[in-house]
Each structure stands twice: as C-alpha cells, then as structure tokens.
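Chain by chain, the residues:
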Amino acid sequence: MSLRRRGLSSAAACALSVALAVTAGAAPAVAETLLDAVTLAYQTNPTLLAQRATQRATDEEYVQAMAGFRPTIGIIASDSQINGLDTTVGAASVNLNTSSASITAQQTLYSGGRIATAVDAAQADILEGREQLRTTEAQIMTQVVQAYVDVRRDMRALAINQENQKVLQGQLDQVQAQFDVGEVTRTDVAQAQARLAAAKAQVDAAGATLSVSRAAYASVVGQTPTDLQQEPELPGVPASFDDAMDIASKENPGVRSAQYAEQAAHHRVAQARADYLPNASLQASYGATLSPPLGLSLSQRSEFQATAQVNVPIFTGGLTGSRVRAAIEHDNAARVGIDGAQRTMLQQVSQAWAQVLSTRASLTSNQEQVKADEIAAEGTRQEYQVGLRTTIDVLNAEQELRDAQLALVNSEHDNYVATAQLLAAMGRLEARELIAGVKPYDPKANFDRVKNKGSVLYDRAIQAVDERVRLHGDHPVVDADAPIDTQLKAKVPPAPVPDQP
C-alpha cells in the first residue's frame with residue numbers, strides 16, 4: 001500500500017471512531033450520574049438549606065400568633081431607698097428602705113377576632129413559604145441539570161475537537177510526505193497546516209469552556225464533576241401544551257405562592273377591622289411590700305388583686321380606619337399579584353414548550369446531518385485516493401463532519417435543558433420527582449414539631465370563641481396542618497376585594 005493510501009486509511013479510521021463515540025454516547029466504566037448530582041445538591045446546596053431555615057422561621061409565626069390566646073405571667077420586684085430629715089426627733093437624718101415583689105398574670109378572653117385572624121394569616125404565610133421553598137428547589141434542580149449537561153456537552157465537545165486535531169495532524173503528515181515525493185504542491189501543505197492550527201485553537205477554547213462549566217457544577221452541586229454518565233430521561237414530560245398548562249395551573253409554585261399571599265393579606269384586613277370591636281381580658285396580681293415605718297418596727301403588707309377589663313374603642317383619631325384601608329389595598333395588590341403570577345407562569349410554560357419543540361426538531365435534523373456527513377466524508381476520502389478529490393475537499397469534508405457532530409451535541413444539550421425548564425415551570429422539577437429512594441425534605445415536619453409549643457389546656461377554647469365573632473367574610477381558612485400532598489393538589493381560589501368600612 002502506498003504512503004498516501006496508508007495515511008488516508010489512518011485518518012479515516014480516526015474520524016470513524018470519533019463519529020461512533022459521539023453518536024453512541026458511550027459512558028466510562030466509573031462515572032457519576034445525574035441522580036448522584038441531584039441528591040448531593042438536594043442535601044448540601046447552601047441556597048436550598050437557607051430557604052429551609054427561612055421556612056422554619058416562618059413556622060414560628062403560628063406559635064407567636066397563638067400566644068395571644070395564652071396567659072402571660074411575670075414577676076416584678078423593686079427596692080427603693082429614701083434619705084430625709086425627721087423633724088420629730090430633732091431634725092435627725094432618716095434612711096427608709098422599701099422592698100416590694102409581685103407576680104402578675106394577664107389572660108385575653110376575647111379580642112374581637114383579632115388574634116384568630118392573625119393565626120389564619122400566619123397559616124397562610126406558612127403555606128406561602130412552602131411554595132417559595134418549592135420555587136427555590138425547582139431553581140436549584142434546574143441549575144443542577146443545567147450544570148450537569150453543560151459539563152457533559154463540553155467534555156464531548158473537547159473530545160471531538162481533540163480527535164479532530166489528531167485527524168488533521170495525520171492528514172498534515174500524509175500531505176507532507178506526499179509533498180516530499182512531489183505528489184502534491186506547497187499549497188496542499190499550507191492548507192493542512194492552517195486547518196491544524198485552527199483545530200489546536202478550538203481545542204484550547206473547548207478546554208477553557210469545560211473549566212468554566214466544571215466550576216459552575218462544583219458551585220451548585222458541591223463537588224467537582226468526575227466522568228459523567230449520559231443523563232436519563234426526565235420523568236413527567238407532558239404530551240401536549242394543554243397538558244402542560246393544566247398541570248402548571250394547579251402546581252406552579254409561583255402561582256400558588258401568590259394565592260396564599262393574597263389569603264394572608266385578606267386575613268389581615270379582618271385583623272385590622274377587629275380593632276373596631278371590644279376586647280376583654282382578665283388581670284390578676286399578688287404582691288408584698290416590706291417597709292419600716294418611722295420609729296416603729298418593720299411592717300409587711302401583702303395583697304391580691306383581680307381585674308376584669310373590657311375595652312370598647314370609640315374614637316381612635318382615624319387610626320383604625322387608616323389601618324383597615326391600608327390592609328385592603330395590600331389585599332388588592334396581592335390579588336393583582338395572582339394575575340401577575342399566572343401571566344408569568346403562562347409565559348414560562350409557553351416559552352419552555354416552544355423551546356422543547358424547537359430543540360426536538362433541531363436534534364432530529366442534526367442526527368440526520370451527522371449520518372449524511374459521515375457518508376460524505378468517507379466518500380471524499382475514497383475519491384481522494386483515486387485522484388477525484390483534492391486535499392481541500394478532504395479537509396472541508398472533515399470540517400463539516402466535525403461541525404455536525406458539535407451541533408448534535410449542542411442540540412442534545414439544549415433539548416434536555418428545555419425539557420427541565422418546562423417541568424420547572426409546571427411545578428414538577430422537584431426532588432420527589434427526580435430522586436428515587438431518597439426521602440424528600442418535608443417542611444410540615446418542623447411545623448408539627450413547634451406548633452404546640454407554649455400551649456395551655458384552654459387556649460383552644462378561647463380560640464374557638466374568638467373565631468366565632470371574627471370579621472372574616474367569605475374567604476376560606478387555610479390549614480397549615482394539612483398534609484403537604486393535599487395542599488399541593490388543592491387549588492386555592494382568590495378572594496373578592498373586601499368592601500371598605
């Protein structure tokens with residue numbers, strides 16, 4: 001076999017191996033999976049952990065609101081000293097010490113519904129926070145998927161460019177050998193050299209891009225990526241746009257968060273209106289005073305006092321009315337926020353669906369192009385062997401094949417990211433959908449742990465009385481104690497704008 005034929009056969013073998021490796025997407029023997037990356041990020045991502053801590057802080061709002069139904073008890077102690085003159089004993093100097101201590105207790109009996117509506121608002125805030133936690137989780141899962149496929153894409157692109165450099169190096173060696181024996185001209189050598197130099201630059205650029213992607217991966221996942229396996233199919237991809245919208249209208253965390261925020265605002269309107277109603281409380285104290293009368297021995301006095309107090313607001317200088325009007329406008333803004341969240345959801349789902357369709361079409365076209373360019377490149381090499389093609393024809397065919405392979409890698413990446421973004425917009429890109437065998441974080445568990453802190457035997461009875469007379473209107477009462485799956489399936493209806501007083 002001639003030197004020319006041996007060189008072309010070697011180049012063809014290298015190019016064919018690259019095409020097969022890219023098309024098959026073969027995974028290394030030891031690799032990291034997308035499941036591994038998602039699990040690690042779910043357990044260690046700082047943004048997600050911080051949002052969970054924020055949600056646990058929000059759970060305390062319920063305890064703080066319920067504290068209004070419970071007694072407050074405290075101890076007051078004082079010690080005073082009086083220096084003066086006693087004229088009855090010749091203007092002698094007298095020092096008087098008085099010490100006192102008392103224990104006081106106060107119990108709200110009725111607040112006009114103010115405390116009950118504060119509890120309702122706190123529960124709505126908690127459910128809103130859980131939806132915000134779902135939003136954060138979806139954002140992190142999207143970032144993990146994006147970082148994973150970014151690294152996979154850039155690793156494959158680097159491999160393609162490196163193999164292309166090897167092929168072009170072999171092509172240059174073969175052309176140089178042909179030039180040495182006078183079979184080709186200096187122009188053929190220069191063309192091969194130029195393509196090889198460009199290939200080296202592309203390898204360097206691909207390496208830099210991969211370094212950036214690896215750094216982004218480490219930031220969101222928490223460790224440097226190793227050899228990454230091919231990403232699996234994402235679960236729950238809808239068959240149509242209507243299916244995607246039906247799911248998103250019920251499960252999109254942004255919409256549900258806005259709905260719960262409006263509920264909280266509506267309850268706070270009722271809370272502000274409760275200031276128009278009377279409130280009742282019971283106060284009791286028991287204390288003792290120890291003091292020495294002038295010229296006498298020490299004396300001690302103790303007393304118990306109980307007071308039932310009813311406060312009926314008559315005029316507050318417009319303060320209560322102003323607070324009610326402000327609460328109503330906050331509720332109006334929250335209702336508008338629902339519409340805004342729904343529009344954002346529609347935009348996100350529409351854009352993601354369009355991207356999925358576009359990338360699917362691009363993926364199919366690029367797959368066909370790679371197959372055609374593989375055949376064209378092989379045919380060009382064979383025709384070059386019999387003198388029907390020039391060196392530049394072979395180089396162009398190699399370039400087109402490499403570009404098609406890179407385009408296929410990019411389209412696979414883009415289609416996967418678009419699918420993940422569609423699931424996130426629907427409210428389905430969550431750990432419970434992606435991670436099998438890993439118990440998802442349940443924000444309700446912390447609420448169950450703290451909700452009864454500080455409770456007393458009779459606080460529910462006082463709460464029941466307060467709830468019966470609250471100015472609540474026709475808005476449903478949310479329940480932060482309901483199972484999280486029940487809350488997720490329930491669609492929260494927006495409330496009408498309450499009338500101004």
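A short tour of the structure in this document, coming up.

Parameters at a glance
- Residues numbered from 1 in each chain as written.
- Predicted model: local features only at pLDDT ≥ 70, side-chain atom pairs only at ≥ 80, totals over all residues.
- Heavy atoms only, no water.
- Core = buried A, V, L, I, M, F, W, Y, C linked by side-chain atoms within 4.5 Å.
- Buried < 20%, exposed > 50% of the residue type's maximum accessible area, 1.4 Å probe, protein only.
- Helix = DSSP H or I, 4+ residues; strand = E, 2+ residues; numbered from the N terminus.
- Contact = heavy atoms within 4.5 Å.
- Axes fitted to C-alpha atoms, helices over the stretch in contact; angles between N-to-C directions.
- Parallel < 35°, antiparallel > 145°, perpendicular 65-115°, else oblique.
- Left-handed = near helix turned anticlockwise from the far one by under 90°.
- Phe/Tyr/Trp six-rings, centres within 6.5 Å; stacked < 30°, edge-to-face > 60°.
- Lys NZ or Arg CZ within 6 Å of the ring centre and 35° of its normal.
- Patch = residues over 30% accessible without salt bridge, like charges linked within 9 Å, V, L, I, M, F, W, Y side chains within 5 Å.
- Areas by Shrake-Rupley, 256 points an atom, 1.4 Å probe, with all protein chains shown as cover.
- Salt bridge = Lys/Arg side-chain N within 4 Å of Asp/Glu carboxyl O.
- Arc of directions from axis to C-beta.

1. Some details on the nonpolar core
Thinking step 1. Among the nonpolar cores identified, the biggest contains 51 residues, and Val144, Tyr217, Val349 and Leu422 are the most heavily contacted of them.
Thinking step 2. Where this core is concerned, the elements lending two or more residues are α2 (34–44), α4 (114–180), α5 (186–221), α6 (241–251), α7 (253–273), α8 (319–385), α9 (391–426) and α10 (431–434).
Thinking step 3. Among the elements that make up this core, the one with the highest residue count is α4 (11 residues).
Thinking step 4. Setting aside chain neighbours within four positions, we find tyrosine 217 in contact with Glu32, Ala37, Ala147, Tyr148, Val151, Gly222, Gln223, Thr224, Pro225 and Leu228.
Thinking step 5. Ranked by size, the runner-up nonpolar core spans 12 residues in total, among them Tyr62, Ile115, Val119 and Phe447.

2. Considerations on the packing of α8 against α9
Thinking step 1. Here α8 crosses α9 at 160°, and the two axes come no closer than 7 Å. As summarised for this structure, α8 and α9 are arranged roughly antiparallel, according to the angle between their axes. Both α8 and α9 take part in a crossing whose hand is left-handed.

3. Quick notes on the packing of aromatic side chains
Thinking step 1. If you walk through the whole model with that rule in mind, you get 2 aromatic pairs.
Thinking step 2. Centre to centre, the rings of tyrosine 62 and phenylalanine 447 are 5.2 Å apart; their planes meet at 65°, and the pair counts as edge-to-face. Highlighted residues: tyrosine 62 in helix α3 (residues 46–66) and phenylalanine 447 in helix α11 (residues 443–450), separated in sequence by 385 residues.
Thinking step 3. Look at tyrosine 62 and you get buried, because its relative accessible area is 6%.
Thinking step 4. Taking the relative accessible area as the measure of exposure, phenylalanine 447 reaches 1% and is therefore buried.
Thinking step 5. A centroid spacing of 6.4 Å and a plane angle of 45° characterise the contact between tyrosine 148 and tyrosine 217, whose relative ring orientation is tilted. One end of the pair, tyrosine 148, is in helix α4; the other, tyrosine 217, is in helix α5, with 69 residues separating them in the sequence.
Thinking step 6. Overall, tyrosine 148 belongs to the buried group, its relative accessible area being 0%.
Thinking step 7. Note that arginine 52 overlies the ring of tyrosine 441, its terminal NZ or CZ placed 4.7 Å from the centroid.

4. Details of a nonpolar patch on the surface
Thinking step 1. Taken together, the side chains of Ile73, Ile75, Ile103, Tyr286 and Phe304 make up a nonpolar region of the molecular surface, amounting to roughly 590 Å² of accessible area.
Thinking step 2. The topology assignment puts phenylalanine 304 in strand β4 (residues 299–311).

5. Structural notes on the environment of alanine 77
Thinking step 1. Relative to the assigned elements, alanine 77 resides in strand β1 (residues 72–86).
Thinking step 2. For the pair alanine 77 and glycine 287, spaced 210 residues apart in sequence, the C-alpha separation works out to 9.2 Å.
Thinking step 3. When near neighbours in sequence (up to four residues on either side) are disregarded, alanine 77 contacts Ser100 and Ala101.

6. Overview of α6
Thinking step 1. Turning to α6, its buried residues number three or more, namely Ala244, Met245, Ile247, Ala248 and Glu251. Down the axis of α6, the buried side of the element spans an arc of 165°, and every buried residue falls inside it.

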